[in-house]
Amino acid sequence: MRKRWIYTTIGAVAGGAAAYFLRNEENRQQVVDKAKSLQNNFTQKEDLPIEEAGNPQLDNLENADMVSEGSQFGVQYYNELTEKEREILEKSNS
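Values in this document were obtained by computation on a predicted structure and should not be read as measured data. (Residues numbered from 1 in each chain as written. Predicted model: local features only at pLDDT ≥ 70, side-chain atom pairs only at ≥ 80, totals over all residues. Heavy atoms only, no water.)

J.: Which residues make up the overall build of the protein chain, and what values do they have?
T.: From N to C terminus, the protein chain includes 4 helices and 0 strands. Taken from N to C terminus, the helices and strands of the protein chain fall in the order α-α-α-α. On the protein chain, roughly 8,900 Å² of surface is accessible, and the fraction owed to carbon and sulfur atoms is 56%. (Helix = DSSP H or I, 4+ residues; strand = E, 2+ residues; numbered from the N terminus. Areas by Shrake-Rupley, 256 points an atom, 1.4 Å probe, with all protein chains shown as cover.)

J.: Would you mind going over a nonpolar patch on the surface in detail, with residue names and values included?
T.: On the surface, Ile6, Tyr7 and Ile10 cluster together into a nonpolar patch covering about 340 Å² of accessible area. Here Ile10 lies in helix α1 (residues 2–21). Under the relative-accessibility criterion, Ile10 is labelled exposed at 53%. (Patch = residues over 30% accessible without salt bridge, like charges linked within 9 Å, V, L, I, M, F, W, Y side chains within 5 Å. Salt bridge = Lys/Arg side-chain N within 4 Å of Asp/Glu carboxyl O. Buried < 20%, exposed > 50% of the residue type's maximum accessible area, 1.4 Å probe, protein only.)

J.: Go over the pattern of salt bridges with me, naming the residues and quoting the values.
T.: For the structure shown, the criterion picks out 2 salt bridges. Two residues, Glu83 and Arg86, come together in a salt bridge whose shortest N-O distance is 2.9 Å. Taken together, the residues span about one helical turn, with Glu83 and Arg86 both in helix α4 (residues 73–93) at a distance of 3 residues. Relative accessible area serves as the criterion here: at 35%, Glu83 is assigned to the partly exposed category.

J.: Break down the side chain of Asn27 for me, citing the residues and quoting the values.
T.: Here Asn27 is to be found in helix α2 (residues 25–43). The class for Asn27 is buried, based on a relative accessible area of 16%. Within the structure, Asn27 has its side chain in polar contact with the side chain of Asn24 (distance 3.1 Å). Excluding anything up to four places from it in sequence, Asn27 contacts Phe21 and Leu22. (Polar contact = N/O pair within 3.5 Å; in protein donor to acceptor, adjacent residues only side chain to side chain. Contact = heavy atoms within 4.5 Å.)

J.: Describe in detail the side chain of Thr82, supporting the description with residues and values.
T.: Mapped onto the elements, Thr82 comes out in helix α4. Exposure remark for Thr82: the relative accessible area of 15% places this residue in the buried category.

Below, the structure is given as structure tokens:
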């Protein structure tokens, strides 16, 4: 029973602090801007090497079926291929 009062008190204090902080327009705008920038950070991942994740092409359906059944052959093949590409790039940059 005592924990319920502690959680209620903490929630009320946090709500009051948030209301006090967000009482003027400038602070509200800062919170909205920060939330939008965090959302953009999580959604802009254009440098990922995975090109077909979640959307297998028609010529790759057999591999997608195998992976959905638990096979790791396609994943291992892709990892080895990207590792070889990475090694080639490192050698060419050296």
